[in-house]
Amino acid sequence: MKPAELTDQSQELNQITDIALLEAAGMISTLCPQEVQVSAVSAQVTTIKQLPSLLDKSSLDWVAISQRLNGFVEGHAIYFISDENSRSLVRGILEEATRLRELSEMEEEALSEVGNIIINSCLSSYSQILKGVIGTQLPLLSRGHTDQLLAVFCDEEKASELFVIELNVCIKRQNLECYLLWTRLPWLGPV
Amino acid sequence: MKENIPQKLERLVTDASVFDAMNAGLVVLNHKGEVAVWNKWMVEYSFIEREAVLGHRFADVFQGLNKRIQQAIQFALSKNLSSILSARLHSAELPLYRSKQDFRLNKRIHHSISVTPVELKDNDWCMIQIRDLTEGDLHEQSLKKTTLELESMASRAREQESQLQTILNNTLDAIVILNRLGRISGFYLSAQQMFGYSEYEILGKPLSVLFPAPFNRRFDLLISQNKNGKPLKFIEQVKSLKSGGELFYSDVAINTIFEDEELQYIVTIKDITERQLAQEALYREKEQAQVTLSSIADGVITTDIIGQINFLNPAAMKLTGYSHEELINQRLDRVITIQSERKNLPVFECISTGQQVDSISGDVLIDKNGNRLVIHQVASPIHNQVGDTVGAVMIFRDVSKSHRLASRLSWQASHDELTQLVNRREFERELDQVIDKARNEGSEHCLCFMDLDKFKVVNDTCGHVAGDELLRQLADIFRTQIRGADTLARLGGDEFAVILNKCALGPAVNVAEEIRAAVEDFRFGWGGQSFQIGVSIGLVMIDATSTDLEDVFKAADSACYAAKEAGRNRVHIYSQDDKEISQRRGEAQWVVRIQNALENNRFQLHYQPIVPLNRAENDSVHYEILIRMIGEQGETVPPGAFIPSAERYQLMAKIDTWVIEHLFAWMDQHWDFSGQDVFAINLSGQSLADDNLLYRVKQLLDHHQIPPDRICFEITETSAISNLSQAQLFIDELKQIGCRFALDDFGSGLSSFAYLKSLAVDYLKIDGAFVKDMAVDPIDRAMVESIHNIGSVLRLKTIAEFVEDDEILKALNEVGVDYAQGYGVARPKALPTDGSALFSC
């Protein structure tokens, strides 16, 4: 099944997403010396099987900052970023010169906060549209291959579709590809 | 924050002890954002008692919270969203301290914050959890720092490795690495390019593949013998072998190193082909320079900046007479003596000025043996690369021969080769200086012109060789009579001159007289004959009133001529009032008049009878033809007025020709040739030498049909002697056709009789000087008798001139002279053009 593009009804969602990402970028920028820009590149619905084809194929290892949703919507919101980009993002924000292949615990915590800011900003905006509160738990950082990571979240929820927003995070003239994944699509009609 | 606190804390809120046991900060805010729980950890770390914060808004407890915390609290209270604030992004955000000291120092802890919503009492409360990550953070920072350093070291090592690789691959020299077994383990780019092998082809092979025999065996042996891995150092120039078989010269160096305790050899090979070629070229150039310097005839000496000799070629040694050892490292001026007008030697002047210096002509080098060499030398500076003078090179050559030659040429240009006396040109130059000196200093000098009296007699009688020898001997005589300061010259021919330097008139006359007497006493012997010569001297003073060279010359020449005219063998002093001089000067004016008269036929023929004294023998009457000039105003000009000028300016031949032409024409027109009368025509010495005249005479005789025996040419004794060969030729040619000849003024010469034999004359005209007083002077009578007797012996008729009265006639008759001529016989008259007869008395 091909990824379905958002209907016109969801255009409002796009706009709100853009605003939320703008606010998230603003918040992140207050926490680091340089400006960070976060923007949505595309948004689409896809299946779990098709998701790998949408992602950056040069990366095998991914990092997922996931927050369990509760309240009006349940499921997971996942900030999905490749291992390499995650290092670039964190070290770009923290201005770390190290080129260690693994993030330290502190760096992972910082990365989690970044994902947390982006997710919370979107959820805060979405709750206004849905006129209902979507609560989250604290972010959880996981690592692994795509299917491994998705299997954890999607099997748990028996989700077969995902709402994927491709993001571009620009920091220090570096454009980093990352994604927001939503395992529940309460605002979309049947595919 | 890994664990989640249960949301329902209602029960736990009232029991703070649970929260106090936590090793982390816990703050619970109610829905209003007011502190409901402030655990012990918070009390300890914030130094704020519980009672102080409970019921107060968190934002009031900690004023100045950043937007993120505010948002997180707000998200938790109103939107049910959980937030995490990482320690890295919020380092020491809250004023929490580990100790009082830290509190005083404001040394906050590094902490992370998590804000989670809790539902409590049906309201959305939030829970703030704070973890102290100071140690962990510091530890992590330390680890990162170490990691960074390690990374940096690794990066530097990689960079160095890369640089090394770059260096090794970009050296000009080939670098080859050998393992301990001598096998090639590294073959960098330069080596690949030098030898033509790729790394793939050469790795693992022994070093010897790069060198031909015997070098290859040397290397193998060298390495094989170094099994103990001792430090090895090998530097040599060997031939290397490229992959294509080409050999080239190289410098090879082998060093040993230890890499990770493993022995390796580093071989550096430098292609020195270019250097070798350059060295060979340099050697050849040096050799060529050496050979050139050694073979050139010029001496070359180089010095350093202080004039110390540091090089000299064989020619320099030969010219100076010194050996290499005697000159090298010595100061030039201390070993070699050069006399020069220059104050300093050219070498030192050159070093001082940095410019090339040429020698002045005439520099003399005194060699080791004291020999004097005239040299020409040039000194040029030697500069270093920046242009500073660091020495000089002196090039010199022996120009003694050419100097002598130049001196000789200069001498020859100013001297007469025959007599070794100063020549005319040099004499004039010196005379010019003397005249300047006289004018400027007011000094007095004397110029003497000396003209030999009888030089032509010797020259014509004995030949030019005798004449040259006579001149040499007379020059020697002149030398003995003058001082060293005086200048004696031969002007040309038989003319001499002397400048008596700073000499007054009196002493000058004495010197001139002594010269004259010396010449008079001198006898020149040649071919068994002895000749007395004589000299006529003209003397002129040079003083402040002298004008210029030309005038002084003319004056001396005039005085000399006057001496000649006065009878020769005498000294004549030039005087402004001298009539003779005046007349001499006036002669030049006659030239124009004579030429004019010739062009306009303003000459007139006169005649004077020469009558035989013994009519009984029916001797024919002679008529001597005389010439008169008709002046511009129609006046008659006697020959004495213009003949001397005509003679002086070579016009006599023209005059004589005119006479002959016009006489023959008159004879053709007016004479009947019935008698035996003879017309006597005077011929000058110049005419005798004129070949055209001889031809002309014959032509005219033929044209006018005049019997040659009616013509008698009168030649003076003097002119005959002066032009003896020409006279002989002239006489012989015309006598062959019948003309007659008379020797005029016979007896006035000093060696007259010697010439009579060689001249086929018919008549002797006795010099009037002997005749005019013969009636009263027995000596003169004796002379007349003598001359007549000689003539008689030679079968010559004699003619007496200057017969002025009957007594002379009587005396002549008594002597037996054949003819008489003079005013006592008949005065000259013009040749008649009206056909009337000639008067014969």
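What you are looking at is a predicted structure, and each value in this text was computed from that prediction instead of being measured.

(A) Here's a closer look at the overall build of chain B. For chain B, the helix and strand inventory stands at 33 helices and 34 strands. Taking all contacts inside chain B whose residues are at least 6 apart in sequence as the whole, residues at least 24 apart take part in 56%.

(B) Just the overall build of chain A, in detail. Each helix and strand in chain A was counted, giving 5 helices and 8 strands. Mapped from its N terminus to its C terminus, chain A presents α and β elements in the order β-α-β-α-β-β-α-α-β-β-α-β-β. The buried share among the 191 residues of chain A stands at 46%. Considering only contacts in chain A between residues 6 or more positions apart, those separated by 24 or more positions represent 70%.

(C) The confidence of the model for chain B, seen in detail. For chain B, per-residue confidence averages 84 on the pLDDT scale, and residues scoring 70 or more make up 90% of the total. Across residues 1-7 of chain B, where pLDDT falls below 50, the model places 11 contacts with residues more than four positions away in sequence or in other chains.

(D) Spotlight on the pairing of strand S20 (residues 495-500) of chain B. All names here are of chain B. Of all 6 residues in S20, 5 are buried, a share of seventy percent or more. Pairing analysis gives 5 bridges linking strand S19 (residues 487-492) to S20, with the strands arranged antiparallel. Bridge assignment links Arg490 to a residue of S20, and that residue is Phe496.

(E) How the structure looks around the sheet that holds strand S1 (residues 25-29) of chain B. Residue and element names in this part refer to chain B. With respect to topology, 5 strands assemble into an open sheet ordered S2-S1-S5-S4-S3, the strand pairing being antiparallel. Only two strands of the sheet have a single neighbouring strand rather than two, namely strand S2 (35-38) and strand S3 (83-85). Each adjacent strand pair in this sheet contributes to an overall mean axis angle of 20°, direction not counted. Strand direction decides the pairing type here: S3 and strand S4 (residues 111-120), joined by 3 bridges, are antiparallel. From the neighbouring strand, Ile84 faces S4, where its bridge partner is Ser114.

(F) Local environment of helix H21 (residues 505-521) of chain B. An ideal rise of 1.5 Å per residue puts 24 Å on 17 residues; H21(B) measures up with 24 Å between its terminal C-alpha atoms. Where H21(B) is buried, its residues contact strand S18 (445-452), helix H20 (464-481), S20, strand S23 (535-542) and strand S24 (571-573) of chain B.

(G) Geometry of the environment of Asp271(B). Residues and elements named next belong to chain B. Note on placement: Asp271 falls in strand S10 (residues 262-271). As a C-alpha pair, Asp271 and Gln237 span 34 residues in sequence and 9.8 Å in three-dimensional space. For Asp271, the residues in contact, after removing those within four places along its chain, are Met194, Phe248 and Ser250.

(H) Broad picture of the environment of Ser402(B). Residue and element names in this part refer to chain B. In this structure, Ser402 sits in helix H17 (residues 400-414). Classification of Ser402 by C-beta neighbours within 10 Å gives partly exposed; the count is 13. Once the C-alpha coordinates of Ser402 and Val374 are considered, the two residues, 28 residues apart in sequence, prove to be 9.1 Å apart.

(I) Expanded view of the nonpolar core. Counting residues in each nonpolar core, the largest one holds 126 residues, and the members touching the most others are Cys448(B) and Ile537(B). The greatest single-element share of this core, amounting to 8 residues, is contributed by helix H22 (residues 549-565) of chain B. Residue-level mapping places this core at the junction of two domains, with at least three residues from each of domain 4 (418-576) and domain 5 (588-830) of chain B. One finds Val73(A), Phe80(A), Leu150(A) and Ile165(A) within the second-largest nonpolar core, a separate group that totals 94 residues.

(J) Quick look at the packing of helix H1 (residues 11-31) of chain A against helix H6 (residues 67-79) of chain B. In the contact formed by H1(A) and H6(B), the axes pass within 10 Å of each other and the chain directions differ by 135°. Accordingly, the angle class assigned to the pair H1(A) and H6(B) is oblique. Contacts from Met27(A), Thr30(A) and Leu31(A) in H1(A) reach Lys67(B), Arg68(B) and Gln71(B) in H6(B). The residue inventory of the contact of H1(A) with H6(B), partitioned by class, reads 2 nonpolar, 2 polar and 2 charged.

(K) How the structure looks around the environment of Ile711(B). Residue and element names in this part refer to chain B. Tracing the backbone shows Ile711 in strand S29 (residues 711-716). Residue Ile711 is classed as buried on the basis of its C-beta count, with 25 C-beta atoms lying within 10 Å. Remark: the alpha-carbon pair of Ile711 and Leu701, spanning 10 residues in sequence, is separated by 9.4 Å. In this view, Ile711 contacts Phe679, Ile681, Ile706, Cys739 and Arg740; residues no more than four positions away in its chain are not counted.

(L) Region of interest: the sheet that holds S23(B). Residue and element names in this part refer to chain B. Read from one edge of the open sheet, 5 strands run S19-S20-S18-S23-S24, paired in mixed fashion. A strand with exactly one partner marks an edge of an open sheet, and here the two such strands are S19 and S24. Shown here is a sheet whose adjacent strand axes are inclined to one another by a mean of 20°, direction ignored. Sheet topology note: the S18/S23 ladder contains 8 bridges and is antiparallel. The partner of Phe449 across the bridge, within S23, is Gly538. Each of S18, S19, S20 and S23 is contacted by helix H18 (residues 424-441), which is oriented at about 130° to S19, the strand it contacts most. Along the sheet, H22 contacts S18, S23 and S24; its crossing angle with S23, the most-contacted strand, is approximately 145°.

(M) Examining the confidence of the model for chain A more closely. Residues and elements named next belong to chain A. With 84% of its residues at a pLDDT of 70 or more, chain A has an overall mean of 80. Taken element by element, the predicted model of chain A shows its lowest mean pLDDT in strand S1 (residues 4-5) (46) and its highest in strand S4 (residues 75-82) (90). Taken together, the stretch residues 1-6 has pLDDT below 50 and engages in 13 contacts with residues farther than four places along the chain or on a different chain.

(N) Seen up close, helix H32 (residues 778-793) of chain B. All names here are of chain B. With 16 residues, H32 should cover 22 Å at 1.5 Å per step; its first-to-last C-alpha distance of 22 Å lies within 8% of that length. Within the span of H32, buried status applies to Asp780, Arg781, Val784, Ile787, His788 and Gly791. The arc that holds the buried residues of H32, viewed along the axis, is 130°, so those residues lie on one side. Residues of H32 that are exposed and point more than 90 degrees away from the buried face comprise Pro778, Ile779 and Val793.

(O) Fine view of the packing of helix H19 (residues 455-462) of chain B against H20(B). Residues and elements named next belong to chain B. Between H19 and H20, whose axes approach to 6 Å, the crossing angle comes to 145°. For the pair H19 and H20, the contacting residues are Phe455, Val458, Asn459 and Cys462 in the first and His464, Ala466, Gly467 and Leu470 in the second. Looking at the contact of H19 with H20 residue by residue, the class counts come to 5 nonpolar, 3 polar and no charged.

(P) Unusual backbone geometry, seen in detail. All names here are of chain B. Even without glycine at this site, Phe47 takes up a positive phi of about 60°. Among the structural elements, Phe47 can be located in the loop between helix H3 (40-46) and helix H4 (50-53). Given 15 C-beta atoms within a 10 Å radius, Phe47 is considered partly exposed. Here the phi dihedral of Phe802 falls at roughly 60°; this positive angle occurs in a residue that is not glycine. With respect to the element layout, Phe802 can be found in the loop between strand S32 (797-800) and helix H33 (806-815). A count of 19 C-beta atoms within 10 Å places Phe802 in the partly exposed class.

(Q) Focus on the pairing of S19(B). Burial analysis of S19(B) places 5 of its 6 residues in the buried class, the great majority of the element. Counting the residues between successive antiparallel strands, the hairpin from S19(B) to S20(B) contains 2 residues, one of them, Gly493(B), with a positive phi of roughly 60°.

Rules used throughout
- Residues numbered from 1 in each chain as written.
- Chains lettered and ligands numbered in written order.
- Predicted model: local features only at pLDDT ≥ 70, side-chain atom pairs only at ≥ 80, totals over all residues.
- Helix = DSSP H or I, 4+ residues; strand = E, 2+ residues; numbered from the N terminus.
- Contact = placed C-beta atoms within 7 Å.
- Buried ≥ 20, exposed ≤ 12 C-beta atoms within 10 Å, placed from the backbone.
- pLDDT = per-residue confidence, 0-100.
- Pairing = 2+ DSSP bridges.
- Axes fitted to C-alpha atoms, helices over the stretch in contact; angles between N-to-C directions.
- Expected span 1.5 Å × (residues − 1).
- Core = buried A, V, L, I, M, F, W, Y, C linked by C-beta atoms within 7 Å.
- Domains from an automatic or database assignment.
- Parallel < 35°, antiparallel > 145°, perpendicular 65-115°, else oblique.
- Nonpolar A, V, L, I, M, F, W, Y, C, P; charged D, E, K, R; others polar.
- Arc of directions from axis to C-beta.

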